[in-house]
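Reading the structure
If you want the building blocks of each chain, they are given just below.
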Amino acid sequence: MKRNVLTALAVGAGLLVTATPASAARDDLARYHQQRLTWVSCADPALDAAGARCADVTVPLNYDEPRGRTITVAVSRLRSPEPRQRRGVMLSNPGGPGGPGLRTMLQIRASMTPQVLARYDLVGMDPRGVGRSSPVDCGWPVAFSMRSAGADRAGFDRDVALQADLARRCAEREGDRLAHITTRNTARDMDVVRAALGERKISYFGRSYGTYLGAVYTQMFPDRADRVVLDSAVDPDRYGPRMFQDLGAPNEAALDDWAAWTARRDPEYHLGATGPQVRARLQGLIDGPPVTVGGHVVDEHVVALLVFGPLTGRHQYPQIAADVRTLVDTAAGRPTPANPALAGSLDYLLRSGPDAGGDAQSAVLCGDVAYPRDPEWYWRTIQRVRATQPVFGPLTSNITACAFWAAPRERATVVRNDHPALIVQATGDTRTVYGHGVAMHRALTGSRLVTVRDVMAHGVFGSLPNACVEGAVNTYLATGALPKADVTCRDDAAR
């Protein structure tokens, strides 16, 4: 299974602007709302086996010019098995941004009760610019804009030049289309999907960045949102560069935990008998010369990214230790073939081409929020945190292509409303940290927070078996009843 380095992202505030001009919403969007969808095979083995059907929904590229250029958004639908009990549709988003969403419903339905499955048609969607939805293709030579600054100023300067080149490539290849690949426009697309499906409201399940998208939808279309579940939520006020900076400290703490775990298994991994010794081996890879593994060059910009990707749960610790062992052996002149998981990670992180996905991710992030443009701002931040975040500070505080992007067309959405929602957050989440879930809870004053204590997990419902979480989510989706108060759940595996 591919390890998405940014399965978890989201993190900026600004003034709320109107969703669309009133006249356009009433008149010019009618042809989109009233379109008839053609449902066909999804041409996807998993979706087809589940009985899903897919369709393309036509939406405006620019909602300020709804009679102008159009694009298509791909959706999948798995109908309720009990039409008489059906309440409506539930859209879903897996996160990213830039994550394809056609299969998301398949990932979560296994944890849904028959009562919930009867209530909804489950609808997946590739957001605009992603997957089958008029995808962004910037022709990048790397998969992702997110990279570590490395060990010194020379490495940082090389990365500054790379990020400027990535932004230039996107601007040249995508032109004015790029400015419209944003969260606010995806929320507008969701509302077109709602209308095209003939629904008055939609329910929603979002993970990671998908929680931000869902919250933006409730803000822009409050009367059209029904039951909303936000799993591993983002602080909507920190969406942007501050979100990434918030990841440095908790991931450094998680790395300490991994290093201690690995040290206790030194006879197996030979990376050191103490946590500091294990960390020193990893730091040596960052500070040392590049190594070539599986045909990929792993250098100071990549090592931290390679470890960061799977550092989402303790079940990944053996793989991280095996990966580091392979890199250490290769650096010492003892080349070792990459194990399949490491080879897959390197192929995923360092590949290029239209299916890489990082350019779509950057399009959304950079199109949503204005990032600092001065490289010195990033360099000063890195130097400030390097002492306490030696591995991940240069990664999570580093410059990205957003520093060279055109200014966003709209200001970021301020999320402040009382729409009911159920928020699920693990205290050990290393992608959307626990404080972000608390902040989303404050922003959505009608919400309830389900805290999963002492669990290192990103994305709980549908991926981490937990009877307490599943009970709260299924009860809410089936009945609309939120818990009377916030809920604390424990790790089932620890009982």
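Residues numbered from 1 in each chain as written. Predicted model: local features only at pLDDT ≥ 70, side-chain atom pairs only at ≥ 80, totals over all residues. Heavy atoms only, no water.

1. A short note on the overall build of the chain
Put simply, the rule reads: Helix and strand definitions here come from DSSP, where helices need a minimum of 4 consecutive H or I residues and strands a minimum of 2 consecutive E residues; each element is numbered from the N-terminal end. Exposed residues in this analysis have more than 50% of their type's maximum accessible area, buried residues have under 20%, and partly exposed residues fall in between, with area computed by a 1.4 Å probe over protein chains only.
Broken down by element type, the chain carries 20 helices and 11 strands. Counting only C-alpha atoms and orienting by the principal axes, one finds that the chain spans roughly 65 × 55 × 40 Å. Of all 495 residues assigned to the chain, the portion counted as buried reaches 60%.

2. Digging into the pairing of strand 6 (residues 225-231)
Remark: a regular strand shows side chains that alternate across the two faces of the sheet. Here is the rule: Pairing between two strands is assigned when DSSP locates at least 2 bridges connecting them. Orient the strands so they point away from the viewer; a crossover is then right-handed if the path from the first strand over the helix to the second runs clockwise.
Burial analysis of strand 6 places seven of its seven residues in the buried class, the great majority of the element. The pairing of strand 5 (residues 202-207) with strand 6 spans five bridges and is classified as parallel. Bridging from a neighbouring strand, G206 pairs with L230 of strand 6. Once you follow strand 5 into helix 8 (residues 209-220) and on to strand 6, the crossover reads as right-handed. As paired strands, strand 6 and strand 9 (residues 421-426) are joined by three bridges and run parallel to one another. Within the sheet, the bridge partner assigned to D231 lies in strand 9 and is V424.

3. Section: the environment of A401
For clarity, the threshold we go by: In this analysis, two residues are considered to be in contact whenever any of their non-hydrogen atoms come within 4.5 Å of each other.
Within the secondary structure layout, A401 lies in the loop between helix 18 (393-396) and strand 9. In sequence terms A401 and A161 are 240 residues apart; their C-alpha atoms lie 9.7 Å from each other. If near-sequence neighbours (up to four positions away) are discounted, A401 is found in contact with S145, Q163, L166, A167 and C366.

4. Notes on the confidence of the model for the chain
The criterion, for reference: For every residue, the predictor reports its confidence as pLDDT, a number between 0 and 100.
Of all residues in the chain, 93% have pLDDT values of 70 or greater, and the mean over the chain is 92. Residue range residues 1-24 is modelled with pLDDT below 50. Its contacts to residues more than four positions away, or to other chains, number 92 contacts.

5. Quick look at the side chain of D323
What counts is decided by this rule: Under this definition, polar contacts are N or O atom pairs within 3.5 Å; protein pairs additionally need one hydrogen-donor-capable and one acceptor-capable atom, and for neighbouring residues in sequence, both atoms have to be side-chain atoms.
When you line up the elements, D323 lands in helix 14 (residues 317-331). Polar side-chain contacts of D323 include one of 2.7 Å to the side chain of Q319.

6. So, empty space enclosed by the protein
Inclusion rule: Put simply, the grid is 1 Å and covers the protein atoms alone, a cavity is a trapped set of points that fit a 1.4 Å probe, a pocket is an open set with protein on both sides within 12 Å along at least five of seven lines, and lining residues have an atom within 4 Å of a point. Grid points are joined across faces, edges and corners, and a volume is the space filled by probe spheres set on the points. In this classification, Asp, Glu, Lys and Arg are treated as charged, Ala, Val, Leu, Ile, Met, Phe, Trp, Tyr, Cys and Pro as nonpolar, and every other residue, Gly included, as polar.
Of the pockets and cavities examined, the largest cavity occupies roughly 220 Å³. It is helix 16 (residues 358-368) that provides the largest number of residues to the lining of the largest cavity, a total of four residues. Tallied by class, residues from the lining of the largest cavity come to 12 nonpolar, nine polar and one charged.

7. Quick look at the packing of aromatic side chains
Threshold: Note on aromatic pairs: the rings of Phe, Tyr and Trp (six-membered ring only in Trp) are paired at centre separations within 6.5 Å, and the planes decide the class, stacked below 30 degrees, edge-to-face beyond 60, tilted for the rest. Think of it as a cone above the ring: NZ of Lys or CZ of Arg counts as a charge over the ring if it is within 6 Å of the ring centre and within 35 degrees of the ring normal.
Evaluation of the coordinates by the stated rule reveals 11 aromatic pairs. Taken together, the ring pairs in this structure connect Y209, Y212 and Y239 into an aromatic cluster. Its end group placed over the ring of F308, R431 keeps NZ or CZ at 3.8 Å from the ring centre.

8. Thoughts on the side chain of Q35
Relative to the helices and strands, Q35 is located in the loop between helix 2 (30-33) and helix 3 (45-50). Residue class for Q35 comes out buried when judged on its relative accessible area of 15%. Among the polar contacts listed, one links the side chain of Q35 to the backbone oxygen of Y32, at a separation of 2.9 Å. Setting aside chain neighbours within four positions, we find Q35 in contact with D56, V57, T58, V192 and A196.

9. What to know about the sheet that holds strand 1 (residues 53-60)
Applied cut-off: Interaxial angles span 0 to 180 degrees and are taken between N-to-C directions of axes, which are lines fitted to C-alpha atoms, for helices over the stretch in contact.
Spatially, 1-2-4-3-5-6-9-10-11 is the arrangement adopted by the nine strands of the open sheet, whose pairing is mixed. Each edge of the open sheet carries a strand with a single partner, namely strand 1 and strand 11 (487-489). Across the sheet, the axes of successive neighbouring strands diverge by a mean angle of 20 degrees, strand direction being ignored. Running at roughly 150 degrees to strand 5, helix 8 makes contact with strand 3 (88-93), strand 5 and strand 6 of the sheet. Across the sheet, helix 19 (residues 434-443) is in contact with strand 6, strand 9 and strand 10 (447-452); its angle to strand 10 comes to roughly 165 degrees.

10. Here's the deal with the pattern of salt bridges
Applied cut-off: The salt bridge criterion pairs a side-chain nitrogen of Lys or Arg with a carboxyl oxygen of Asp or Glu, the two atoms within 4 Å.
This structure, assessed with the given rule, holds 29 salt bridges. The closest approach of N and O atoms between R188 and E410, which form a salt bridge, is 3.0 Å. With R188 in helix 7 (residues 183-196) and E410 in the loop between helix 18 and strand 9, this residue pair connects regions lying 222 residues apart in the sequence. Across the pair E252 and R279 runs a salt bridge whose closest N-O atoms are separated by 2.3 Å. Of the two residues, E252 is situated in helix 10 (residues 248-263) and R279 in helix 12 (residues 275-287); the sequence distance between them amounts to 27 residues. The structure contains a network of salt bridges with shared partners spanning R79, R86, D121 and E199.

11. What to know about helix 10
So the rule is basically this: The span one expects for a helix is its residue count, reduced by one, times 1.5 Å.
The terminal C-alpha atoms of helix 10, which comprises 16 residues, lie 22 Å apart, in line with the 22 Å expected from a rise of 1.5 Å per residue. Taken residue by residue, helix 10 has G248, N251, E252, A254, L255, W258, A259, W261, T262 and A263 as its buried positions. Contacts made by the buried residues of helix 10 are with helix 9 (241-245), helix 11 (266-269), helix 12, helix 13 (303-308), helix 14 and helix 18.

12. Thoughts on the state of the cysteines
In plain terms, the rule: In what follows, a disulfide is any cysteine sulfur pair within 2.5 Å.
Counted under the stated rule, the structure contains four disulfides. Put simply, C42 and C54 are joined by a disulfide, and their sulfur atoms are 2.0 Å apart. Residues C42 and C54 are joined by a disulfide whose S-S torsion is about 100 degrees; by sign, that bridge is right-handed. Residue C42 is found in the loop between helix 2 and helix 3, and its partner C54 is found in strand 1; the two are separated by 12 residues along the sequence. Judged by its relative accessible area of 7%, C54 falls in the buried class. Between the sulfur atoms of C366 and its disulfide mate C402 the distance is 2.0 Å. Residues C366 and C402 share a disulfide whose torsion about the S-S bond is about -80 degrees; that sign makes it left-handed. In this pair, C366 sits in helix 16 while C402 sits in the loop between helix 18 and strand 9, placing the two residues 36 residues apart along the sequence. Overall, C402 belongs to the buried group, its relative accessible area being 6%. Sequential numbering of the bridged cysteines in the chain gives the disulfide pattern 1-2, 3-4, 5-6, 7-8.

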